[in-house]
Amino acid sequence: MTETTATGASAGPATAAATGVAGVVFREMSAEPRTQAVPLAHVSLELGHLYMEDFEGGPERMRSHFAQVRPWADALRASAALDGRRPRISTCFLIDDYFSRFSSPAELVPMVIAEADRAGLTIDYLARESGCAVADGVPVAEDVAGRLVDSPPLGSDGSRPPAKETGWLANGDRALGAETLEAMAHTPSWRPPAETAARRHSVFVDVELRDDREGHRTWSCPFLAAVWHLARLGLLRHGGDPVLQPRNWSGTEFPRQWDDLPPLIRLNPSAQPFSAYRTCSVLPARFLPVEHAVRVILDQVDADPEALRQAVKRAADERISVPDEIPDRISYAFYAGT
C-alpha cells in the first residue's frame, strides 16, 4: 500500500520509506515498523543474581541462597493458581559479567545449576547482565534510555536538565542549596527535596543511570536491572523486533569465555516462555535499595505502546488482570542476610 500527501496523486510502490518529488511525499506503508509479539507466561520468577562476592563464597554460598529461595518459590507457585488452572511460571537467573568478569561459564554455570537442583529448583533461563547493555549488536540500554520521560515536579520551571543529559533520574524535586536560593531571592538557606507522589512525607530517590569516563559509558546496576525487568515483561523492542530473546542451549559443556555464551539461554527445553505478564524476584535484602531505584526508573519509561497493548489484550483473553503501570507488574521477596 502506498500513501501520498498530494491530493489526487497516486504512485506505484515507493523505492524508499519516504521520497520527496516536487513537493509530493510518498511513503511505503509496508515499511512502517510492526511490533512483533512475544510468547508470555503468567509469571517470570527470578531465582537470584550472582555477583563477584557471591562467587567468592563458593558452592556453599549458592547452596545457602537457593535454600532461602525455595520456600518463596513454592509460595509463589501456590498463590499463582488461576481458578484451578495450572499457572505458566518460568524461572530465570542473572549472572554479572558486566561490572566484573570472574571465573568462566564452563566453571560457574554448572555449579549454579547443580546447587539450584540440590535445593529442588530448576533454572529455565540463564542470562548475562552485559546483555542488558548490548544484546546481539542491539544497544538495549541506549534504547531504554531514549524512552525515559522525566516526571516534572510540581511547580517545575523546566530549568533542570533531563535525565538523558545528566545521567540522573529522580522521583521528585531535588533539594536546592543556599546559593541557588539566594539567587532566587528566597530567605531560607535550604529547601529539602520533595517526592512527586509523596503521601504527606517524602521518600526521595535520585538514581545515577550511568557514568562516562575516558570516552566509555558504564550503565549503573539499577538501570541494567530495570532493563532486565522490561525484558522479563516482554516489553523490549528495537525497530518493532523483540530483543534479548532466549536461545536454546542443549549441551552440557559451556564456553571458557563469557562473550562466547549468548546473552540469554534456555536451559530447560520444556520451559514456559521467558517473558511474562508479571515478574517476581527472590533476592537477598541487600538488593532492596537497588530495586527501589529500579521502580523509580520504570515509572518513567515510556515503553513501546503496542507491546504494552499486546500484553494487556492477551491477559484479558485469559481473564487475567494486568496493572496499567509497569512498576505494579513487578514484585519481590527479600530474605534476611547478604
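Caption draft 1: Layout of unusual backbone geometry. Phi angles above zero are rare outside glycine, and Asp-136 is one such case at about 55 degrees. In this structure, Glu-214 takes a positive phi of about 55 degrees despite not being glycine. Within the secondary structure, Glu-214 is located in the loop between β11 (210-213) and β12 (216-219).

Caption draft 2: Representation of the sheet that holds strand β17 (residues 276-284) in the model. The 7 strands lie next to each other as β15-β16-β6-β5-β4-β17-β18, forming an open sheet whose pairing is mixed. The open sheet has two free edges, formed respectively by β15 (247-248) and β18 (330-335), since each of these has just one partner strand. Looking at chain direction, β17 and β18 are connected through 6 bridges and run parallel. When the bridges of β18 are listed, Leu-283 appears paired with Phe-334. Each of β4 (41-50), β5 (89-95) and β6 (125-128) touches helix α3 (residues 105-118); the most contacted strand, β5, lies at about 140 degrees to it. Taken strand by strand, helix α8 (residues 288-298) contacts β4, β17 and β18, and its axis lies near 170 degrees from that of β18.

Caption draft 3: Region of interest: the side chain of His-49. One can find His-49 in strand β4. Residue class for His-49 comes out buried when judged on its relative accessible area of 6%. There is a polar contact of 2.4 Å between the side chain of His-49 and the side chain of Glu-46. Once you skip the residues sitting within four places of it in the chain, His-49 turns out to touch Asp-54, Phe-93, Leu-94, Trp-228, Leu-283, Phe-287 and Glu-291.

Caption draft 4: Inspection of the packing of helix α7 (residues 221-232) against α8 at higher detail. One way to put it is that α7 packs onto α8 with a least axis distance of 8 Å and a crossing angle of 65 degrees. Relative to α8, α7 is oriented so that their crossing is right-handed. Contacts from Cys-221, Pro-222, Phe-223, Ala-225, Ala-226, His-229 and Leu-230 in α7 reach Val-290, Glu-291, Ala-293, Val-294, Ile-297 and Leu-298 in α8.

Caption draft 5: Layout of the nonpolar core. With 47 residues, the main nonpolar core has Leu-148, Leu-209, Phe-223, Leu-230, Leu-236, Ile-297 and Ile-326 as its most contacted residues. Among the elements that line this core, the one with the most residues is α7, at 8 residues. Sequence-distant contacts of Phe-223, that is, excluding residues within four places in its chain, are made with Ala-141, Val-144, Ala-145, Leu-148, Leu-209 and Ile-297.

How each quantity is defined
Residues numbered from 1 in each chain as written. Predicted model: local features only at pLDDT ≥ 70, side-chain atom pairs only at ≥ 80, totals over all residues. Heavy atoms only, no water. Helix = DSSP H or I, 4+ residues; strand = E, 2+ residues; numbered from the N terminus. Pairing = 2+ DSSP bridges. Contact = heavy atoms within 4.5 Å. Axes fitted to C-alpha atoms, helices over the stretch in contact; angles between N-to-C directions. Buried < 20%, exposed > 50% of the residue type's maximum accessible area, 1.4 Å probe, protein only. Polar contact = N/O pair within 3.5 Å; in protein donor to acceptor, adjacent residues only side chain to side chain. Left-handed = near helix turned anticlockwise from the far one by under 90°. Core = buried A, V, L, I, M, F, W, Y, C linked by side-chain atoms within 4.5 Å.

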